[in-house]
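# Descriptive structure summary
Listed below, chain by chain, are the residues.
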Amino acid sequence: MGKIKVKKEKNFELKKQDILTGSRVLNSNTTKNRIEYFIDNVESNLSYILEKKNLNKKKELCEKFIKYRNLWKEQPLNIINGNKKNYKDEIKKIRPLCIDLEVASICDLACPHCFREYLATPDKIIDINLAKKIIDQAAEIGVYSIKFNWRGEPLLNPKLPELIYYSKKKGIIETIINTNATNLTEKKSQELIDHGLDYMIYSFDGGVKSTYEKLRPGRFKKNSFERVIKNIQNFKKIREKNNAKFPYTKIQMVLMESNRNELDEFHKLFQDHVDEVTVTLYSERGGKVSDLPEKYQKILKHYLENNNLSSNTPYMLDGNNNLFISKKRKACGQIFQRMMVTYDGRVGMCCMDWGAKHNLGYLSEKGFNHKDEEKKIIRKVQNKENGFELLKDIKIPEVFNDPKKDVSTLSKIWSGENLNNVRNDHINNRVDQIEICKGCNSRDTFEWVKIA
């Protein structure tokens, strides 16, 4: 395959994202807005088509989508800033806005900045009957959105298109996947379009071949910079050939010291092939890769020493290279927005709770023996089996919460004591008293002060 050609002119500006703290949209004249895009193209959305193009339903769908996106910020803030004594009553009035359903915990990459490199993660795909049961429960309580992945690569589940279509038939407004695009073949691209995928997020770290292939090495075979780019380019061509508008596509790069200077190259590679190009901070994904260049390490060290602050003071270098520190935690919005479900039916605390260390409950008996599957991964690493050579530092996830081994429902777990106890500590400024939250480095859980 020939070299990937990159345009030379810079034609974007960094714009704050609506959701992730410190992250940026590489905004240009080709950048779309997710909400406006949905409304402008709702007649092409499978939700509308399944309603037999009912114009009343068209208006209703647009209103529901706008409400869903507004609630993403409003729902957590209303409870966090409300009457703390009555938060349990308020929880009963709301629903999770999104369910993250892990249709595949297996991944074909071994990215050094991913939690997968440090915590044993089984190479599994979800049982389709369990997946449909969870989708049924989500639809029953009025969940707006389902994201079909968490720790793994969703395209490795051959039943993914079927599950997307099943969700749309059940009334789920927005279906989402986050993919590394290594397996985004023409056949799979067509299936995703035909079965109603609404939103696809590509993860692609690096603006040049050497950086990308270092940060995203293959587990079972060599990963190729050129091939993945071709997959992404081809997807847009297939979408256009079908005269389809969905899924909306976004590509994001995790910012690290090794790729911070490649924003121009990254944007130029993809600006004509996706609807939105963004960068996010590596701590949103986990790992042990330093994200602070030497210049900013010196500034930080000098500031901390002059202000008698601990060397462990949290810091953040945002997408515009502004340096911040934090001396205070704050309540996390995720516990009022969404629920994370593993392939075996366990409900984790949030997207940062890799391995569901703070397990909130079970949706299947399959999750009762999850430790057995994690131990199998450790043995495969010890035996140096194919695909496990790069996982030499992994360990079994700790257990911070061990709920009763009963099969429950999304609704009961959402409003149950396990999650409400966590919420109570968050809204009463006791975040660091929860073990899983104490060690969390998500930028959204800190209050930041700019120092440079």
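Before any of the text, the structure's been laid out above.
What counts and what doesn't
Residues numbered from 1 in each chain as written. Predicted model: local features only at pLDDT ≥ 70, side-chain atom pairs only at ≥ 80, totals over all residues. Heavy atoms only, no water. Helix = DSSP H or I, 4+ residues; strand = E, 2+ residues; numbered from the N terminus. Rg over C-alpha atoms; globule rule 2.2 N^0.38 Å. Buried < 20%, exposed > 50% of the residue type's maximum accessible area, 1.4 Å probe, protein only. Core = buried A, V, L, I, M, F, W, Y, C linked by side-chain atoms within 4.5 Å. Contact = heavy atoms within 4.5 Å. Salt bridge = Lys/Arg side-chain N within 4 Å of Asp/Glu carboxyl O. Pairing = 2+ DSSP bridges. Right-handed = clockwise from strand over helix to strand, strands pointing away.

A few words on the overall build of the protein chain. In terms of helices and strands, the protein chain carries 15 helices and 14 strands. Rg of the C-alpha trace for the protein chain: 22 Å, near the compact-globule value of 22 Å for 452 residues, within the 12% margin. In terms of overall dimensions, the protein chain has C-alpha extents of about 65 × 55 × 50 Å along its principal axes. Here the protein chain, with 452 residues, has 56% of them falling under the buried criterion.

So, on to the nonpolar core. Membership of the largest hydrophobic core comes to 86 residues, with the highest contact counts inside it found for Leu 101, Phe 148, Phe 204 and Phe 270. Ranked by the residues each element gives to this core, the list is headed by helix α9 (residues 225-241), at six residues. The contact partners of Phe 148, leaving out residues within four places of it in the chain, are Leu 101, Val 103, Ile 135, Pro 154, Leu 160, Leu 163, Ile 164, Ser 167, Thr 175, Ile 176 and Ile 177. Counting residues in each nonpolar core, the second largest holds 19 residues, with Tyr 37, Phe 38, Trp 72 and Tyr 199 among its members.

Attention now moves to the environment of Lys 15. The topology assignment puts Lys 15 in strand β1 (residues 13-16). For Lys 15 and Ser 28, which are 13 residues apart along the polypeptide, the C-alpha to C-alpha distance reads 9.7 Å. Among all residues touching Lys 15, those that are not within four sequence positions of it are Ser 23, Arg 24, Val 25 and Asn 27.

The subject of this paragraph is unusual backbone geometry. For the peptide bond that leads from Phe 246 to Pro 247, omega is 10°, which places it in the cis range. Tracing the backbone through its elements, the reader meets Pro 247 in the loop between α9 and β7 (248-255). With a phi angle near 65°, Asn 321 is a residue other than glycine that sits in the positive phi range. Owing to a relative accessible area of 35%, Asn 321 belongs among the partly exposed residues under this scheme. In this model, Lys 384 sits at a positive phi of 55°, which is unusual for a non-glycine residue. Relative to the assigned elements, Lys 384 resides in the loop between α12 (370-382) and α13 (410-414).

Summed over all chains, the structure comprises 29 salt bridges. We note a salt bridge from Glu 373 to Lys 124, for which the minimum N-O separation is 3.5 Å. Of the two residues, Glu 373 is situated in helix α12 and Lys 124 in the loop between β3 (98-101) and α5 (128-140); the sequence distance between them amounts to 249 residues. For Lys 124, a relative accessible area of 31% corresponds to the partly exposed category. Taking the shortest distance from any N to any O, the salt bridge between Arg 346 and Asp 344 comes out at 3.2 Å.

Right, let's get into the pairing of strand β8 (residues 276-281). Summarising burial for β8: six of the six residues are buried, a large majority. Burial along β8 is two-sided: Glu 276, Thr 278 and Thr 280 facing one way and Val 277, Val 279 and Leu 281 facing the other are all buried. In this sheet, β8 lies alongside strand β2 (residues 24-27) in antiparallel orientation, the contact comprising two bridges. Counted as the bridge partner of Arg 24 is Val 279 from β8. The pairing of β7 with β8 spans six bridges and is parallel. By the bridge assignment, Ile 251 is partnered in β8 with Val 277. After leaving β7, the chain enters helix α10 (residues 263-270) and then returns to the sheet as β8, a path that is right-handed.

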